[in-house]
Amino acid sequence: MKHISRILAFFSIAVVSVCCAAAEENAAQLVARYDNLSLGGPPVSVSALVITSGSMKLTLGSGSAASVKAGDQVIGMFFKGTGSFEYSAKDNVELPIMKANLRETKSAGTVNNGVLSGSFTEALIAAQNVTLPALEGPAGSALDDTFAHHRAILKNDQESLLSLSFAAHQLTAPAQRIVRAELRGAGDDEWVYEADQNNEKLLALYTYQFDDRARRVERYEAVISERPIGRTRADIAPYDYVLSAVDYTLEAGDGNDLHVVATETITPRVNGIRGLVFGLTDLQYASGEKTPRHYTPKSITTDDGKPLAFAHRIDTLLVSLPQPSMAAAPIKLKFDLRGDLLIRENGDNQWFLRSEWFPEPHTAGMATTAHGVIRVKAPFVPFAGGKTIRRVTEGGYNVLETSIDQPVHFVAVTAGKYAYEEEKRGNMTVRTASYGQKNVRAIKKINALAFDMIQYYEYFLGPFPMDELNIVELNSFGSGQAPAGLVFITSEAFQPLLEPINQLFSEGINERMAHEIAHQYWGVAVRWPSPEEQWLSESFAEYSAALLLKKFQGGAPYNRLLAHWKADSNESHTVAPIPLANRITDEFNRTKLLYGKGPYLLAALHKQVGDEQFLTFMKSYQKSFHNKAGTTKDVAGLLGFVAKQDFKPFFEQYYWGTDVPELK
Ligand SMILES: [Zn+2]
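Parameters and conventions
Residues numbered from 1 in each chain as written. Predicted model: local features only at pLDDT ≥ 70, side-chain atom pairs only at ≥ 80, totals over all residues. Heavy atoms only, no water. Helix = DSSP H or I, 4+ residues; strand = E, 2+ residues; numbered from the N terminus. Polar contact = N/O pair within 3.5 Å; in protein donor to acceptor, adjacent residues only side chain to side chain. Contact = heavy atoms within 4.5 Å. Phe/Tyr/Trp six-rings, centres within 6.5 Å; stacked < 30°, edge-to-face > 60°. Buried < 20%, exposed > 50% of the residue type's maximum accessible area, 1.4 Å probe, protein only. Axes fitted to C-alpha atoms, helices over the stretch in contact; angles between N-to-C directions. Parallel < 35°, antiparallel > 145°, perpendicular 65-115°, else oblique. Left-handed = near helix turned anticlockwise from the far one by under 90°. Nonpolar A, V, L, I, M, F, W, Y, C, P; charged D, E, K, R; others polar. Expected span 1.5 Å × (residues − 1). Core = buried A, V, L, I, M, F, W, Y, C linked by side-chain atoms within 4.5 Å.

Caption draft 1: Structural context of the side chain of T414. Tracing the backbone shows T414 in strand β24 (residues 413-416). Polar side-chain contacts of T414 include one of 2.7 Å to the backbone oxygen of W351. Excluding anything up to four places from it in sequence, T414 contacts Q350, W351, F352, V381, P382, F383, V472 and F488.

Caption draft 2: Layout of the packing of aromatic side chains. In total, this model carries 42 aromatic pairs according to the counting rule given. Considering the side-chain rings of F614 and F617, the 5.7 Å spacing of their centres and the 55° angle between planes classify their relative orientation as tilted. Of this pair, F614 and F617 both sit in helix α12 (residues 611-624), three residues apart, roughly one helical turn. Judged by relative accessible area, F614 falls into the buried class, the value being 0%. For F617, a relative accessible area of 1% puts it in the buried group.

Caption draft 3: Inspection of the packing of α12 against helix α13 (residues 632-643) at higher detail. Look at α12 against α13: their axes get within 9 Å of each other, and the N-to-C directions meet at 130°. Accordingly, the angle class assigned to the pair α12 and α13 is oblique. In the crossing of α12 with α13, the sense of the turn from one axis to the other is right-handed. On the side of α12, the interface is formed by Q613, T616, F617, S620, Y621 and S624, while α13 contributes D634, V635, L638, L639, V642 and A643. Its residues placed into classes, the contact of α12 with α13 shows seven nonpolar, four polar and one charged.

Caption draft 4: Seen up close, helix α11 (residues 587-609). Compared with the 33 Å implied by 1.5 Å per residue over 23 residues, the 32 Å span of α11 between its first and last C-alpha is a close match. Immediately beyond the C-terminal end of α11, within one or two residues, lies G610, with a positive phi of roughly 90°.

Caption draft 5: Main features of the nonpolar core. Ranked by internal contacts, the top residues of the largest apolar core, which has 125 residues, are Y248, L250 and Y457. Tallying contributions element by element places helix α6 (residues 440-461) first for this core, with 11 residues. Excluding residues that lie within four positions of it along the chain, Y457 makes contacts with G462, A514, H515, I517, A518, Y521, S544, A545 and L548.

Printed below as a string of structure tokens:
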């Protein structure tokens, strides 16, 4: 609650400025209005003007400023001159990654004595339900050109836009406050500060040196700070709705064209919101291609056919609702989506749709069942998670109908030149598909291996969460992925080194296979509700795989992994604590934290409580959070309950903190 009180203290001079005239605008109109900002009055000279919001203090030292309008509404001001900011860095959890990302983005901001300071020469400061200081004074210098240039630069932000933030805010929380400052400084320093009722964040913008010159204007955001308001970091952020069911048809021709019709059941969690915010891919670059692929809704309607207004930009979709939401009263929306999104990486005869190929909530609200009819031009063969309802060939198309009956976080579909064989044992079907030619020997071995792994996981994690598991070869090396009911595994798994089971576990591929199959427990059955909780998926899958290797092959591979995790922990631990791993801009340290330090913490806890209690904890956690989102808070609580010890200090020091435990 600290942040709220700070913000309210500052904004005590505020006067509510939002105007009811805006209330009827739909999503598309709102985005258009906030996109086309204009200077609203003559520039005036300003000096020593201070604007404070939460942890941020902006000082407009000296220069000129003018008001900024979105349509007829004044929403803020634009400043050119000499300015500086101070942002509180008194936050031990995020201080390491603040510093690391400042270095990584080569930002000129510095942290000293608990304050991050920076400077700027241009600032656009916009706010709703917050009144900014009045602009008074003698005439200043003209701002039109600088303002136009500033807007053009900031519209290249690929991750957030003022227009989307303010439009979303008007649709979902019009009575709450929002503040956004877009700062440009000497050199390449660019910053975005944004605060609303739930979060406060400071972002440093950075660019890539793309080969494609047209893309060099693109800005990406490094999170320097993100702080929850009105809750702790251990709590899940509030969210407006749950996507509880999706019913789709997917048609793929023999080119790149994808056509999806998805009917979504949305269950609002709050009353009175006028729109929904989704993630939906709008464009994507295939490697080696200069022209992006596009994907967009052709129409969005209610289930009785009424068209709904929407806006779709930078993978964000805002949709106006036909009437304000009523909590717990489900509504159905139908999306007709088209584009050339079927990307065959490296020219392979295969494509893979992982997420946001239908509109998805960004947050813990993604908990959906799925029913799909997938029609793919032969000879491509489709795979998707869930129970197979039918698999037939109709008029030159291979058709698969499947259903996932439990709430999941990812619904993925793939198709390609695949040949497969399946094996059923009891209620469980394992289906392995090799890329290109049918590799019967490898398929049969992988099927058998998967059953062995599942059997062991059932012993210590409980019943396997899916009735069918599809293991699909990716025609490259060194990676894996595991959405519900699917395991993607690269080609080395299909090569002849796969020999009888004891030899199988000698190489990394078996560890990877064990890791990917474990994701059906960690990630699918127990979901992770936010990027801060991703270790619940990756670190737990990794540790489960290590236990499996230990069971099948004795202590040697487990000890090898342990040494590996320890080395990774030692290399990465000072960069960020585990929950903030996804803020790291370089992938190496992120990987070391989630796949190294995370399992190392679990190994330390395992050693501390012993086999019996640790395995009881793992199984109980799976049981308690089956088909739910888990949290680290629950991990500490349940382990504490099972082992009758208080693990809060352990998690404070090693999970929220950057220390590495001693494991003797
Ligand atoms: Zn994984």
